[in-house]
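Read off the chains here:
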Amino acid sequence: MLDERARTLLKTLVEHYIADGQPVGSRALSKFSGLDLSPATIRNVMADLEEAGFVASPHTSAGRIPTARGYRLFVDSLLTVQTLEASQLGRMEEALHGRPSSQIISSASQLLSSLTHFAGVVIAPRRQASRIRQIEFLSLSERRILLIIVTADGDVQNRIVSTDKAYTPAELVSAANYLTQNFAGLDFEQMRHHLSAEIRQLREDIKPLMTLALEAGDAAMSESATPYVISGERNLLDVEELSSNMKRLRELFDLFEQRSSLMRLLDVSNRAEGVQIFIGGESGIAPLDECSVVTAPYAVDGQVVGSVGVIGPTRMAYERVIPIVDITARLLSSALSTKSDH
């Protein structure tokens, strides 16, 4: 473990680097750390920190910058979290309270983004599994079929299914009629349960189509059941460390489009207590290697139903972002819990 002197110097270096984005040299460390150390001693401590993987030296400079490991130690044990000012808290409360439920989620996402100047993301509460009113198959080409699902509450979901064999229009109509007649009023989980018992009696040629329809339908419904709202992605274009790598930036925007990996990461946060911080590669999602994700779960009437988060560069002001995410999650919990009382 690091001694007190090394911890103080690391804390000073991280804070200084977060503030101005320039590698930090021993002169700055000597001036801002409050430690009475010679430049030679500071250089020795820095060399030890570099060897241990907490800081790195960019080629062009005599200074050093924190690594993901350095940020991790800083966030876990050196960080002094700021308390938000009463006026800012008041504005946050105002942004979320007294709005219709449908708007609260997107307001929370915009709030996170505007306060941090990074991307704000909120997973909305999972909706109850939708019951099916009607299923239709529409042939698009020889082996591609459009699956149309109409739910009991009038929602329509479409999915394209690729099949191993071609189906005639008559076969598609008869398969769709079979599903609608036998399973209307059930959700996909119940349909799967019933169909697995009956699939043995189905005609051989229709079985694969039924199985594909269930899988695709289930995927379509679960995606629509856990929507998420992301705001302020464009803010990341203004972050120098990210905007200098166009390939990585494109991958990041693809990630926001595809959503599923990000949903998995935010789902992890749903199962955690309080604020979670994923720095660089810790998220396990390649496009986020140079980003940090700060998340917190929120609850409705005591039940965790989703999470809020901020996605930004690893060089972010954690002492500000952490309380913003934490308090947004708490305010969202209270705004939605009051809603569900009515």
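In this report, we go over the structure that sits alongside the text.

Reading the values: the criteria
Residues numbered from 1 in each chain as written. Predicted model: local features only at pLDDT ≥ 70, side-chain atom pairs only at ≥ 80, totals over all residues. Heavy atoms only, no water. Phe/Tyr/Trp six-rings, centres within 6.5 Å; stacked < 30°, edge-to-face > 60°. Buried < 20%, exposed > 50% of the residue type's maximum accessible area, 1.4 Å probe, protein only. Salt bridge = Lys/Arg side-chain N within 4 Å of Asp/Glu carboxyl O. Helix = DSSP H or I, 4+ residues; strand = E, 2+ residues; numbered from the N terminus. 1 Å grid on protein atoms, 1.4 Å probe; cavity = no way out; pocket = protein on both sides within 12 Å on 5 of 7 lines; lining within 4 Å. Points joined across faces, edges and corners; volume = space filled by probe spheres on them. Nonpolar A, V, L, I, M, F, W, Y, C, P; charged D, E, K, R; others polar. Pairing = 2+ DSSP bridges. Axes fitted to C-alpha atoms, helices over the stretch in contact; angles between N-to-C directions. Contact = heavy atoms within 4.5 Å. Arc of directions from axis to C-beta. Parallel < 35°, antiparallel > 145°, perpendicular 65-115°, else oblique. Core = buried A, V, L, I, M, F, W, Y, C linked by side-chain atoms within 4.5 Å.

**Focus on the packing of aromatic side chains**
And step 1. A full pass over the atoms with the stated rule returns three aromatic pairs.
And step 2. Both rings, one in Tyr178 and one in Phe183, keep their centres 6.2 Å apart while their planes meet at 80°; by these two values the pair is edge-to-face.
And step 3. Residue Phe183 is classed as buried on the basis of its relative accessible area, which comes to 2%.
And step 4. Ring centres of Phe253 and Phe256 lie 5.7 Å apart, and the angle between their planes is 70°; on these two criteria the pair is classed as edge-to-face.

**Some points on the pattern of salt bridges**
For side chains of opposite charge, pairing can occur when their charged atoms come near one another.
And step 1. Going through the model one piece at a time under the given rule, you end up with ten salt bridges.
And step 2. For Lys11, the salt bridge is made with Glu15, and the minimal N-O distance between the two is 3.0 Å. On the criterion of helical spacing, the pair formed by Lys11 and Glu15 is a turn pair, its members being four residues apart in helix H1 (residues 4-20).
And step 3. Among the ionic pairs, Arg143 bridges to Glu142, the shortest N-O distance being 4.0 Å.
And step 4. Looking at Glu142, the relative accessible area reads 58%, which means it is exposed.
And step 5. One salt-bridge network, held together by shared partners, links Lys247, Arg248, Glu251 and Glu290.

**Observations concerning the layout of surface pockets**
And step 1. When its volume is computed, the largest pocket comes out at roughly 280 Å³.
And step 2. Along its surface, the largest pocket is lined by 16 residues, and Tyr17, Ile65, Glu241, Thr314 and Arg315 are the ones closest to its centre.
And step 3. Contributing elements (two or more residues each) for the lining of the largest pocket: H1, strand S2 (65-66), helix H4 (68-78) and helix H10 (240-243).
And step 4. Taken together, the residues of the lining of the largest pocket sort by class into six nonpolar, five polar and five charged.

**Some details on the sheet that holds strand S5 (residues 144-151)**
And step 1. The sheet built from three strands is open, its strands ordered S4-S5-S6 with antiparallel pairing. Across the chains shown, the open sheet's two edge strands, defined by having one partner strand only, are strand S4 (132-141) and strand S6 (156-162). The average undirected angle you get between the axes of adjacent strands in this sheet is 20°.
And step 2. Pairing geometry for S4 and S5, over eight bridges, is antiparallel.

**Side note on the sheet that holds strand S8 (residues 276-279)**
And step 1. In spatial order, the strands read S7-S3-S10-S9-S8; together these five strands make up an open sheet with antiparallel pairing. Where the open sheet ends on each side, the last strands, each with one partner, are strand S7 (228-231) and S8. On average, each strand axis in the sheet is inclined to that of its neighbour by 15°, with strand direction left out of account.
And step 2. With four bridges connecting them, strand S3 (residues 119-123) and S7 associate as antiparallel partners. Note on S7: the bridge partner recorded for Val121 is Ile230.
And step 3. Taken strand by strand, helix H12 (residues 260-270) contacts S3, S7, S8, strand S9 (291-300) and strand S10 (303-313), and its axis lies near 125° from that of S10.

**As for the pairing of S10**
And step 1. Counting buried residues along S10, eight of its eleven residues qualify, which places the element largely inside the surrounding structure.
And step 2. With four bridges joining them, S3 and S10 adopt antiparallel strand pairing. Residue pairing across strands places Gly120 opposite Val310, the latter belonging to S10.
And step 3. Inspection of the sheet shows S9 paired to S10 by ten bridges, in the antiparallel sense. Directly across from Thr295, in S10, lies its bridge partner Gly309.
And step 4. Counted between consecutive antiparallel strands, the loop separating S9 from S10 contains two residues, among which Asp301 sits at a positive phi close to 50°.

**What to know about H12**
And step 1. Within H12 the residues assigned to the buried category are Leu262, Met263, Leu265, Leu266, Ser269 and Asn270. Down the axis of H12, the smallest arc covering the buried residues is 160°, so these residues share one side.
And step 2. On the buried face of H12, the contacting elements are S3, S7, helix H11 (246-258), S8, S9 and S10.

**Thoughts on unusual backbone geometry**
And step 1. A positive phi is found at His117, a non-glycine position, where the angle reads about 65°.
And step 2. Here His117 lies in the loop between helix H6 (101-116) and S3.
And step 3. Judged by relative accessible area, His117 falls into the exposed class, the value being 55%.

**Here we look at the packing of H1 against H4**
Helix-helix packing is characterised by the crossing angle of the two axes and by the distance between the axes.
And step 1. Here H1 crosses H4 at 110°, and the two axes come no closer than 10 Å. Judged on the interaxial angle alone, H4 and H1 are roughly perpendicular. Here H1 contributes Arg7, Leu10, Lys11, Val14, Glu15, Tyr17 and Ile18 to the contact with H4, which in turn contributes Gly70, Tyr71, Leu73, Phe74, Ser77 and Leu78.

**Considerations on the nonpolar core**
And step 1. Residues Leu262, Leu288, Val308, Ile311 and Tyr318 are the most contacted members of the largest nonpolar core, which totals 77 residues.
And step 2. Among the elements that take part in this core, helix H13 (residues 318-341) stands out by supplying eleven residues, more than any other.
And step 3. Filtering out sequence-adjacent residues up to four positions away, Leu262 remains in contact with Tyr228, Leu255, Phe256, Ile285, Leu288 and Ile311.

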